[in-house]
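A structural walkthrough
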Amino acid sequence: MRMSSLRRPILWFAEHPWFRVAALRSGVWRRFVAGETLDDALAAARRLQGKGIAVMLDHLGENVATEADSRAATDAYVAAAEALHADTALDGAISVKLTQLGLDLSYELCLENVRRVLDSAGSTLVMIDMESHDYVDRTLSVYRELHGAHDRFGICLQAYLKRTAKDVFELPEGAVVRLVKGAYLETPDVAFPSRGEVDATFRRLFATLVARDCTVHLATHDARLVEGARRFGLPQERLEFQMLYGIRTDLQRELVAGGLPVRVYVPFGTEWYPYLTRRLAERPANLWFFLSNLVRGLARSR
Ligand code: FDA
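As the structure is a computational prediction, the values presented were derived from the model and not from experiment.

Re the layout of surface pockets
Taken as a whole, the largest pocket spans an internal volume of roughly 900 Å³. Around the largest pocket sit 35 residues that line it, and Thr220, His221, Leu244, Arg279 and Glu282 are the ones nearest its centre. Listed by contribution, the elements that provide at least two residues to the lining of the largest pocket are strand 4 (153-158), strand 5 (176-180), strand 7 (239-244) and helix 11 (273-282). Residues that form the lining of the largest pocket fall into these classes: 15 nonpolar, 7 polar and 13 charged.

Structural data, given as structure tokens:
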């Protein structure tokens, strides 16, 4: 079976300004995003923590156009890292996108910004998200260059990319790695087009990461992959299950009830639109949810 065949048209349609206005009006973004401020994110984190779920905060934004914007995004991450470090009751991590920290502008600027986040993180885990294919080399390079600058620092790898089977051997042994299927629109020359190939690669990568002594963050809502990893019986320090805010909360609860470590990725901020369109494109059913919310919203505003 092919990966969602609606992904391309949905992402294309999402470029239209009308779609953006509709997303705002429908309020559907609130299902996937904790809110617009750090306080909203911390409130969501405390609610999750009350259910036995750890969190990873993501200050939304990507592809900033100016150095000043990259520094403002860095400030926001520093504030999030400090807030998590200060709240000892919270098991919190942060996750950064390198294009938000200036990677499109200059590699050196981005490196400096990431270093600043790491320096402020205290004991907080810092992860790097993986963005579209064009950024993979530079993202791996930033990670390798700063590995060792902070005790708790990790990176995301995407199973849909053909190159990942090689990249996995270029990470330091024992690295902290988040394994995902991959969320961007990629072409078949670089990414597996079928779900079967992506899932098979995901399983192989998981086994390789385990063999290389990595700590694996299994970031998927796919119950079959979760079950497969569970059967490995790895100790809790080596395997954590991760899901996105608002998605498969039933599976999150089930894992917690089984005594397994679960962390939820909590996005917040005003730049939620690209994140929302990726969530809609992953699952066509979300589009119907979006459209029905929009119709209800319009009916109410009459
Ligand atoms: P799959 O798409 O096969 O979905 C399995 C099941 O999960 C579906 O049947 C459905 O029940 C549910 N589901 C999945 N997506 C849903 C949605 N949007 N809405 C409602 N239900 C949904 N990607 C990336 O490229 N770079 C990154 O850095 C990250 N980071 C990241 C962190 C974390 C913690 C997670 C969980 C995911 C990411 N991703 C990511 C996203 C990832 O690549 C992938 O696009 C999504 O997780 C969806 O794929 P699944 O593995 O869940 O499988």
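What follows continues from the structure just given.
Some thoughts on the packing of aromatic side chains
Applying the stated criterion to the full structure yields 5 aromatic pairs. Judged by centre distance (4.8 Å) and plane angle (85 degrees), the rings of phenylalanine 206 and phenylalanine 232 are edge-to-face. Of this pair, phenylalanine 206 sits in helix 8 (residues 195-211) while phenylalanine 232 sits in the loop between helix 9 (223-231) and strand 7, and the two are 26 residues apart along the sequence. Residue phenylalanine 206 is classed as buried on the basis of its relative accessible area of 4%. A relative accessible area of 43% places phenylalanine 232 in the partly exposed class. Each member of the aromatic cluster is reached from another via a ring pair, and the members are Trp29, Trp272 and Tyr273. One residue, arginine 279, lies across the ring of tyrosine 275, its end atom 4.5 Å from the ring centre.

Details of the packing of helix 5 (residues 107-120) against helix 6 (residues 136-146)
Closest axis-to-axis distance for the helix 5/helix 6 pair is 11 Å, and the angle between their directions is 50 degrees. Between helix 5 and helix 6, the angle falls in the class oblique. Read as a crossing pair, helix 5 and helix 6 show a hand that is right-handed. Here helix 5 contributes Tyr107, Leu111, Val114, Arg115 and Leu118 to the contact with helix 6, which in turn contributes Arg138, Ser141, Val142, Glu145 and Leu146. For the contact of helix 5 with helix 6, the residue count by class is 6 nonpolar, 1 polar and 3 charged.

Quick notes on the environment of valine 78
By the secondary structure assignment, valine 78 is in helix 4 (residues 67-86). Spatially, the C-alpha atoms of valine 78 and valine 117 are 5.4 Å apart, while their sequence positions differ by 39 residues. Those residues within four positions of valine 78 in sequence are excluded, and the remaining contacts are Arg116, Val117 and Ser120.

Considerations on the environment of tyrosine 77
Positionally, tyrosine 77 belongs in helix 4. For tyrosine 77, a relative accessible area of 1% translates into the label buried. Residues tyrosine 77 and valine 126, spaced 49 residues apart in sequence, show a C-alpha to C-alpha distance of 10.0 Å. Residues contacting tyrosine 77, with those up to four places away along its chain left out, are Leu57, Asp58, His59, Ile94, Ser95, Val96, Lys97, Gln100, Leu101 and Val117.

A look at helix 11
With 8 of its 10 residues buried, helix 11 lies for the most part within the structure. Buried residues of helix 11: Tyr273, Tyr275, Leu276, Thr277, Arg278, Arg279, Leu280 and Ala281, and no others.

Cut-offs used in this document
Residues numbered from 1 in each chain as written. Predicted model: local features only at pLDDT ≥ 70, side-chain atom pairs only at ≥ 80, totals over all residues. Heavy atoms only, no water. 1 Å grid on protein atoms, 1.4 Å probe; cavity = no way out; pocket = protein on both sides within 12 Å on 5 of 7 lines; lining within 4 Å. Points joined across faces, edges and corners; volume = space filled by probe spheres on them. Helix = DSSP H or I, 4+ residues; strand = E, 2+ residues; numbered from the N terminus. Nonpolar A, V, L, I, M, F, W, Y, C, P; charged D, E, K, R; others polar. Phe/Tyr/Trp six-rings, centres within 6.5 Å; stacked < 30°, edge-to-face > 60°. Buried < 20%, exposed > 50% of the residue type's maximum accessible area, 1.4 Å probe, protein only. Lys NZ or Arg CZ within 6 Å of the ring centre and 35° of its normal. Axes fitted to C-alpha atoms, helices over the stretch in contact; angles between N-to-C directions. Parallel < 35°, antiparallel > 145°, perpendicular 65-115°, else oblique. Left-handed = near helix turned anticlockwise from the far one by under 90°. Contact = heavy atoms within 4.5 Å.

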